[in-house]
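Coordinate analysis (summary)
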Amino acid sequence: MNKAIGIDLGGTYIKYGLVDNKGSIIKKGMLPTNAESRKRDIVIEQMSIAIKDVWEDNIDGIGIGTPGIVDNNGVVYESPNLPDWHNLNLKEIFEKKFNKKVVVENDANSIAWGEFLFGAGRGTSTIVCLTLGTGLGGGVVINGRLLRGACYSAAEIGHMPVNYKGRKCGCGSTGCIEAYVGRDYIVKSIVRKIKKGRKTIVSEMVDNNLLKITPKIISEAYQKGDKLAEETWIEMATALGAFLAGIVNLLNPDRIILAGGIAQAGEILFETIRKTIKQRAMDVLAKSVEIVPAGLGVNAGIISGASLVFQK
Ligand SMILES: [Zn+2]
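Every value quoted in this text rests on a predicted model; they were computed, and no experiment measured them. (Residues numbered from 1 in each chain as written. Predicted model: local features only at pLDDT ≥ 70, side-chain atom pairs only at ≥ 80, totals over all residues. Heavy atoms only, no water.)

**What about the sheet that holds strand 6 (residues 75-77)?**
Quick reminder of the rule: DSSP-based pairing: two strands are paired if at least 2 bridges between them are found. Put simply, DSSP marks the helices as runs of H or I at least four residues long and the strands as runs of E at least two long, and each gets a number from the N terminus on.
Overall, antiparallel pairing links the three strands, which are arranged 5-6-7 in an open sheet. Taken across any chain shown, the strands that pair with only one partner, and hence form the sheet edges, are strand 5 (69-70) and strand 7 (88-89). When strand 5 meets strand 6, the two strands line up antiparallel, connected through two bridges. In the strand pairing of strand 6, isoleucine 69 is matched with tyrosine 77.

Quick look at the structure:
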């Protein structure tokens, strides 16, 4: 059986594992990234320790999902959470060190490919995979191939403007979808309503310290039947659904896969998105698309990293 090592490089932890060509983890581990050292060599050394920890001589290669923009030569540009992670040829560094094929991909693209090969995208040809968290990340597989674009940076889905006069986004532009469905937006939206006097059990759940509100708490409040929490999710999911109706019209995907912490808000999120797409996208396209949760679970980054090696 073919095997590969998958590396999920995050700002805080490096998650890694040995994965077979069916997408099952054989062994895995986790190490601190040591990004606070602000030295890229220290982070690279941590990655090397990770690789050696699950090493087997007969692996097909090493797949790395990293934050930042990655080109087809495996060079990383612009990664906000990692020190000095710029103009860095990760592919070359690790190919030299380990004498194996190395594939480097932006982390959101990596997850999209992993879901396509081993997760909720299996058996399809075109998917859009969204990671809902602090921001809105995304990757697109079209006709069985990862969409990369002219300079390998396609699918920055979170930064598609939905309101050209809209609110300020972290990327410097205005009105990006991320500024309407990202973590901060969801929290700010409910805080604003609480300050206007709306009653909700969320206030008690955080001992009236509104700074402690998280999407997870809003989800818990919703599960307990809280009206304002429900309204918050419906509002967010309607915005996301309207946006996705545009994506459906553009790409005609088989499936849209929702990954990330916020996607765990559950059925209310999925139902509202489905309903909104049905109302807003072209009929034929809306009927054929499925909106599903991600399939790879907590080890998605590791499995996806390895899946890069199994690309044709
Ligand atoms: Zn933006």
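That was the structure; now back to the text.
**Digging into the packing of aromatic side chains**
In plain terms, the rule: Pairs were defined over the aromatic rings of Phe, Tyr and Trp, the Trp ring being its six-membered one, requiring ring centres within 6.5 Å. Orientation was assigned from the angle between planes: stacked under 30 degrees, edge-to-face over 60, tilted for the rest. Type-normalised accessible area, obtained with a 1.4 Å probe on protein chains alone, sets the label of each residue: buried when under 20%, exposed when over 50%, and partly exposed for intermediate values.
Taken as a whole, this structure holds five aromatic pairs when the rule is applied. Centre to centre, the rings of tyrosine 180 and tyrosine 185 are 6.3 Å apart; their planes meet at 50 degrees, and the pair counts as tilted. For tyrosine 180, a relative accessible area of 15% corresponds to the buried category. Judged by relative accessible area, tyrosine 185 falls into the buried class, the value being 13%. Linked through ring pairs, Trp55, Phe94 and Phe98 together constitute an aromatic cluster.

**A few points about the coordination of the zinc ion**
To be explicit about the condition: Metal donors were taken as nitrogen, oxygen and sulfur atoms no farther than 2.8 Å from the ion, or 3.2 Å where the ion is Na, K or Ca. Water is excluded, so coordination may look unfinished. A site with four donors is called tetrahedral when every donor-metal-donor angle falls between 85 and 135 degrees; four donors are called square planar, and six octahedral, when opposite donors sit more than 155 degrees apart and all other angles fall between 65 and 115; any other arrangement is irregular.
Binding of the zinc ion to the protein goes through His159 (ND1), Cys169 (SG), Cys171 (SG) and Cys176 (SG), at separations of 2.0 to 2.4 Å. Geometry at the zinc ion is tetrahedral, judged from the four donor atoms that bind it and their angles of 105 to 120 degrees at the metal. Along the chain, the residues donating to the zinc ion are arranged with the sequence spacing H-x9-C-x1-C-x4-C. A relative accessible area of 6% means that cysteine 169 is categorised as buried.

**With respect to a positive patch on the surface**
How we decide: Exposure above 30% relative accessible area and the lack of any salt bridge qualify a residue for a patch; like charges then connect within 9 Å, and the nonpolar side chains Val, Leu, Ile, Met, Phe, Trp and Tyr within 5 Å. We get accessible surface area from the Shrake-Rupley algorithm with a probe of 1.4 Å; when it comes to residues, only the shown protein chains can shield them. Salt bridge, as used here, is a side-chain nitrogen of Lys or Arg placed within 4 Å of a carboxyl oxygen of Asp or Glu. In this tally, Asp and Glu contribute negative charge and Lys and Arg positive charge; neither His nor the terminal groups of the chain are included. The atoms used to mark charge sites are NZ of Lys, CZ of Arg, CG of Asp and CD of Glu.
Together, Arg167, Lys188, Arg192 and Lys196 give the surface a local cluster of positive charge. Along the polypeptide, arginine 167 turns up in the loop between strand 11 (145-146) and helix 4 (178-181).

**What to know about the pattern of salt bridges**
Scanning the entire structure with this criterion turns up 14 salt bridges. Two residues, arginine 40 and aspartate 84, come together in a salt bridge whose shortest N-O distance is 3.5 Å. In this pair, arginine 40 is assigned in helix 1 (residues 40-53) and aspartate 84 in the loop between strand 6 and strand 7, connecting sequence segments 44 residues apart. With relative accessibility at 48%, the residue aspartate 84 sits in the partly exposed group. Within this structure, Lys193, Arg198, Glu231 and Glu235 form a network of salt bridges that share partners.

**Things to note about the domain arrangement of the protein**
Operational definition: An automatic or database domain assignment provides the domain bounds reported here. Only heavy atoms enter the contact rule, under which two residues are in contact if any of them lie within 4.5 Å. Polar contact is defined as a pair of N or O atoms within 3.5 Å, subject to the rule that within protein one atom must be able to donate a hydrogen and the other to accept it, and that residues adjacent in sequence are counted only when both atoms are side-chain atoms. Residues are grouped as follows: Ala, Val, Leu, Ile, Met, Phe, Trp, Tyr, Cys and Pro are nonpolar; Asp, Glu, Lys and Arg are charged; all remaining types, including Gly, are polar.
In terms of domains, the protein is made up of domain 1 (3-116 + 298-309) and domain 2 (123-295). Averaged C-alpha coordinates put domain 1 and domain 2 at centres separated by 27 Å. Between domain 1 and domain 2, the contact holds twelve residues from the first and 21 residues from the second. Viewed at the interface, domain 2 and domain 1 are joined by one salt bridge. The closest approach of N and O atoms between arginine 148 and glutamate 105, which form a salt bridge, is 2.7 Å. In this assembly, domain 1 and domain 2 are joined by three residue pairs in polar contact (both at pLDDT 80 or more). Looking at the side of domain 1 that touches domain 2, the elements with two or more residues in it are strand 5 and helix 3 (107-118). Looking at the side of domain 1 that touches domain 2, the element that brings in the most residues is helix 3, giving seven residues. A class-by-class count of the residues in the side of domain 1 that touches domain 2 yields seven nonpolar, two polar and three charged.

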